[in-house]
Amino acid sequence: MVSLNIEKTFGFISKENVNSYAEVAMAARKTLEDGTGKGNDFLGWLHLPSSITKAQLDDINATAKVLKENCEVVVVAGIGGSYLGARAAIEALSNYFSWLQEKKKAPVILYAGNNLGEDYLCELTSFLKDKKFGVINISKSGTTTETALAFRLLKKQCEDQRGKEMARKVIVAITDAKKGAARTTADKEGYKSYIIPDNVGGRFSVLTPVGLLPIAVAGFDIEKLVAGATAMEKACGVNVPFEKNIAAIYAATRNELYKRGKKIEILANFNPKLHFVGEWWKQLYGESEGKDNKGIFPASVDLTTDLHSMGQWIQDGERSIFETVISVENSDNELRVPSDSENLDGLNFLAGKRVDEVNKMAELGTQLAHVDGGVPNIRLSISKLEEETIGELIYFFEVGCGISGYILEVNPFNQPGVEAYKKNMFALLNKPGYESESKAIQERLKK
Ligand code: PA5
């Protein structure tokens, strides 16, 4: 089970400060439960873990089997909430180098539709030229430019390379029930498709087929992942009192730190496999809380790697930050530092120790140094990187985000700010329907 320790924030804030949020945090939790708060038409994620049925999971696993049997590579096309959760889970659970191994137990998962890099798409499509590949096209709106553009390229390539019939078998759509181009295409082409429920927003959708299908295709056990999320749903339930409700305590602590001028939260890990958990978390919290001219700025670092870059800033820069460290208690493998008779590198003091022990001392040393340097430290521990703990972590952060957003008095479930760049981009590209914006933007650029 994920456990939370906020003791290393005391000294910056007090236990009493945190406890003073008990009422407001639990009221926020109840507002989520009762569906009486802002954005209450997007609360479908709240009971996803406990409400997903065995039949739904079986169906996702059956689709994953078709992709696994017919593809060496599966490209997940999606952006933001339509890919980050899947990527976070897959990368946390995968053997780093399995995609280079000859005999793979599952297709290699690649990602597209999350950028507009021409080189990226060129290099991806040329890599796929001699590969048996499939595509999972994920877009709730079904109209997101980055994803639609990548899918247009991939669909054509898949059909040209593998034939229309096989393409129909290995292309899956996950989108709205009725609206959007992704739905129109899926229905017309007869693709297997899944519906993203209306009441589940992108960044809260990892426990729907949006996350579960790619995770299953990558060879992981989605039943275990959902079981972990269900355990956390229970542990952070509306009737679990504040002192025991770790999502409420997390939300309270970060809001108190924010109030005291700690405007930036850095999510740190000491395991490179968690890099994309950081990316997913930044989207979840950034898009949910950054509005109405307020909200903690979510940043992330991979340690010890970034101790040699951002470490300087964290230790000595402006004291406007706090850190939340995800600590993985046990690694999957055991690797000991060998002894060396010449000891030219001077590392014999580590001989016989596990690499993980060295990492743990780096972690402890960093925590002490950062606290000494004025950085409050929240610690989340998980026993091991496995499906259950990843499921727990996902749900913990989701419900923590909902509670935190309500404490901050924003609507955590909308994202009006992301439309601004789209309007300008469409105007600049002369998209039909944007004629007056096109004219206005051309005038503006002339000045
Ligand atoms: O959380 C969100 O709602 C967004 O990040 C979306 O997931 C992202 O913009 C992609 O949207 P769509 O799934 O409609 O393509």
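The structure presented is a predicted model; accordingly, all values stated were derived computationally and were not measured.

### Looking at the side chain of Glu189
Okay, step 1: Positionally, Glu189 belongs in helix 8 (residues 181-189).
Okay, step 2: For Glu189, a relative accessible area of 10% gives the class buried.
Okay, step 3: Within the structure, Glu189 has its side chain in polar contact with the side chain of Lys155 (distance 2.9 Å).
Okay, step 4: If near-sequence neighbours (up to four positions away) are discounted, Glu189 is found in contact with Lys155, Glu159, Lys164 and Arg168.

### Digging into the pattern of salt bridges
Okay, step 1: Considering all chains together, one arrives at 28 salt bridges under this definition.
Okay, step 2: Two residues, Lys54 and Glu223, come together in a salt bridge whose shortest N-O distance is 4.0 Å. In this pair, Lys54 sits in helix 4 (residues 54-70) while Glu223 sits in helix 10 (residues 222-235), placing the two residues 169 residues apart along the sequence.
Okay, step 3: For Glu223, a relative accessible area of 34% puts it in the partly exposed group.
Okay, step 4: A salt bridge links Glu357 to Lys353; its shortest N-O distance comes to 3.9 Å.

### A short note on the sheet that holds strand 8 (residues 297-302)
Okay, step 1: Spatially, 1-10-9-7-8 is the arrangement adopted by the five strands of the open sheet, whose pairing is mixed. Because the sheet does not close on itself, it has two edges, and the strands there are strand 1 (3-5) and strand 8. For this sheet the average axis-to-axis angle between neighbouring strands, irrespective of direction, equals 20°.
Okay, step 2: For strand 7 (residues 264-269) and strand 8, the ladder comprises six bridges, and the chain directions are parallel. Each residue of the ladder has a partner; that of Ala268, found in strand 8, is Val301.
Okay, step 3: Lying over the sheet, helix 12 (residues 275-289) contacts strand 7, strand 8 and strand 9 (321-330), oriented at roughly 180° with respect to strand 8.
Okay, step 4: Those strands touched by helix 15 (residues 387-407) are strand 1, strand 7, strand 9 and strand 10 (377-384), and its axis lies near 150° from that of strand 10.

### A closer look at the site of the ligand
Okay, step 1: The environment of the ligand is formed by 13 residues, the closest being Ser82, Ser139, Lys140, Thr144 and Gln283.
Okay, step 2: For the ligand, an oxygen atom lies 2.5 Å from a polar atom in the side chain of Thr144.
Okay, step 3: If the ligand stood free it would expose 380 Å²; the protein chains cover 87% of that surface.
Okay, step 4: In the shell around the ligand, the residues fall into one nonpolar, nine polar and three charged.

### Comments concerning the packing of helix 9 (residues 209-217) against helix 10
Okay, step 1: Where helix 9 contacts helix 10, the axes come no closer than 10 Å and their chain directions differ by 140°. By the angle class used here, helix 9 and helix 10 are oblique. In contact with Leu212, Ile215 and Ala216 of helix 9, helix 10 contributes Ile222, Leu225 and Val226.
Okay, step 2: Split by residue class, the contact of helix 9 with helix 10 holds six nonpolar, no polar and no charged.

### Remarks on the sheet that holds strand 3 (residues 108-112)
Okay, step 1: Spatial ordering of the open sheet is given by 3-2-4-5-6, a layout of five strands whose pairing is parallel. The strands lining the two open edges of the sheet, one partner per strand, are strand 3 and strand 6 (192-195). Strand-to-strand, the axes of this sheet are offset by a mean angle of 20°, without reference to chain direction.
Okay, step 2: Docked against the sheet, helix 6 (residues 118-127) engages strand 2 (73-77) and strand 3, running at close to 150° with respect to strand 3.

Calculation notes
- Every residue gets a number counted from 1 within its own chain, in the order that chain's sequence is written.
- The predicted origin of the model limits local features to residues at a pLDDT of at least 70 and limits the giving and counting of side-chain atom pairs to 80 or more, whereas totals for whole chains, interfaces and linings rest on all residues.
- Here the side-chain values reflect all heavy atoms present in the structure, with hydrogen atoms and water set aside.
- Put simply, DSSP marks the helices as runs of H or I at least four residues long and the strands as runs of E at least two long, and each gets a number from the N terminus on.
- For the exposure calls, accessible area comes from a 1.4 Å probe over protein chains only, and a residue counts as buried if that area is under 20% of its type's maximum, exposed if over 50%, partly exposed in between.
- Pairing of N or O atoms within 3.5 Å defines a polar contact, subject to two protein rules: one partner must be a possible hydrogen donor and the other a possible acceptor, and residues neighboring in sequence count only if both atoms are side-chain atoms.
- Should any heavy atoms of two residues lie within 4.5 Å, those residues are counted as being in contact.
- Each salt bridge in this description consists of a side-chain nitrogen of Lys or Arg and a carboxyl oxygen of Asp or Glu lying within 4 Å of one another.
- When DSSP finds two or more bridges between a pair of strands, those strands are recorded as paired.
- Only the stretch in contact is used when a helix axis is fitted, and all axes are lines through C-alpha atoms; the angle between N-to-C directions ranges over 0 to 180 degrees.
- Throughout this document, a residue counts as near a molecule or strand when at least one of its heavy atoms sits within 4 Å of that molecule or strand.
- In these tables, accessible area is a Shrake-Rupley quantity obtained with a 1.4 Å probe, and a residue counts as shielded only by the protein chains included in the view.
- Side-chain classes are defined by residue name, with Ala, Val, Leu, Ile, Met, Phe, Trp, Tyr, Cys and Pro counting as nonpolar, Asp, Glu, Lys and Arg as charged, and the others, Gly among them, as polar.
- For this classification, under 35 degrees means roughly parallel, over 145 means roughly antiparallel, 65 to 115 means roughly perpendicular, and everything else is oblique.

Everything listed here is a matter of coordinates, which is why it stays silent on function.
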